[in-house]
Amino acid sequence: MKLKQPRNLMTGAMMAMGLGLCAGQVMANEIHGSLEGEEREWHVVTHAEGSTANYHELMPGMLNVTIQGHREEKFATQGTLSIDFMVMQGSPSAASVTYFSEASMVPHYGTETEVPIELEVLELEGDSGRAKGRVSTSLAYVESMQSSHDADNSIDLDVEFDVTLVREELEL
């Protein structure tokens, strides 16, 4: 899995408005909850080139959504939480969740199979959208790219999110 650096250009006006979806509505860009019983908060990193909470079209009717939160308000691998799911014909699928406990891609904790995601709001239109929901799951340890998930070494995650999603164009 690759941590995504945003790619598309956003207008300064949208950034100044906090990427609000409607007049007067500004999203909080919050990801918070508990990781192994400890309360945590993650930040969506947004800047002139995009956001770590984004979506892109894979083909007509099929979108990929990534909600990536960082420990600080800057891009870094260590402490990053990533929630990824597909939307097909408007219906979301289950999610893949990864927590990067170190400054590299491995080792990390993640879901071996997709897990249910509860979505209270999912709006994907134009250049921005909104996702509000919750994921509660167990993340298994993955030591290397060649190793399998170790369910005996797992951590519990229970997070809620309310984020503005920025549409990105895939670079082919």
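Our subject is the structure listed above.
**What about the overall build of the protein chain?**
Along the backbone of the protein chain there are one helix and twelve strands. Ordering the α and β elements of the protein chain from the N terminus gives α-β-β-β-β-β-β-β-β-β-β-β-β. Here the protein chain holds 172 residues, and the buried ones make up 46% of them. Element-wise, carbon and sulfur atoms account for 48% of the exposed surface of the protein chain, whose accessible area totals about 8900 Å².

**Details of the nonpolar core**
Among the nonpolar cores identified, the biggest contains 30 residues, and Ile67, Leu81, Ile83, Val97, Phe161, Val163 and Leu165 are the most heavily contacted of them. The element contributing the most residues to this core is strand β12 (residues 150-167), with six residues. In this structure Ile83 touches Val65, Thr66, Ile67, Ala95, Ser96, Val97, Ile117, Val135, Val159 and Phe161, once residues within four positions along its chain are discounted.

**Brief notes about the pairing of strand β5 (residues 53-59)**
A regular strand places its side chains on the two faces of the sheet in alternate fashion. Looking at chain direction, β5 and strand β6 (residues 62-69) are connected through six bridges and run antiparallel. Looking across to β6, one finds that Ala53 is bridged to Ile67. Counted along the chain from β5 to the antiparallel partner β6, the turn is two residues long, and its residue Gly61 has a positive phi close to 85°. Two strands pair when backbone bridges link them, and β5 and β12 are joined in this way by two bridges, in the parallel orientation. The partner of Tyr55 across the bridge, within β12, is Arg167.

**Things to note about the side chain of Thr111**
In this fold, Thr111 is placed in the loop between β9 (108-110) and β10 (118-125). In this view, Thr111 contacts Ala95, Ser96, Val97, Thr137, Ser138, Leu139 and His149; residues no more than four positions away in its chain are not counted.

The rules behind each value
- Residues numbered from 1 in each chain as written.
- Predicted model: local features only at pLDDT ≥ 70, side-chain atom pairs only at ≥ 80, totals over all residues.
- Heavy atoms only, no water.
- Helix = DSSP H or I, 4+ residues; strand = E, 2+ residues; numbered from the N terminus.
- Buried < 20%, exposed > 50% of the residue type's maximum accessible area, 1.4 Å probe, protein only.
- Areas by Shrake-Rupley, 256 points an atom, 1.4 Å probe, with all protein chains shown as cover.
- Core = buried A, V, L, I, M, F, W, Y, C linked by side-chain atoms within 4.5 Å.
- Contact = heavy atoms within 4.5 Å.
- Pairing = 2+ DSSP bridges.

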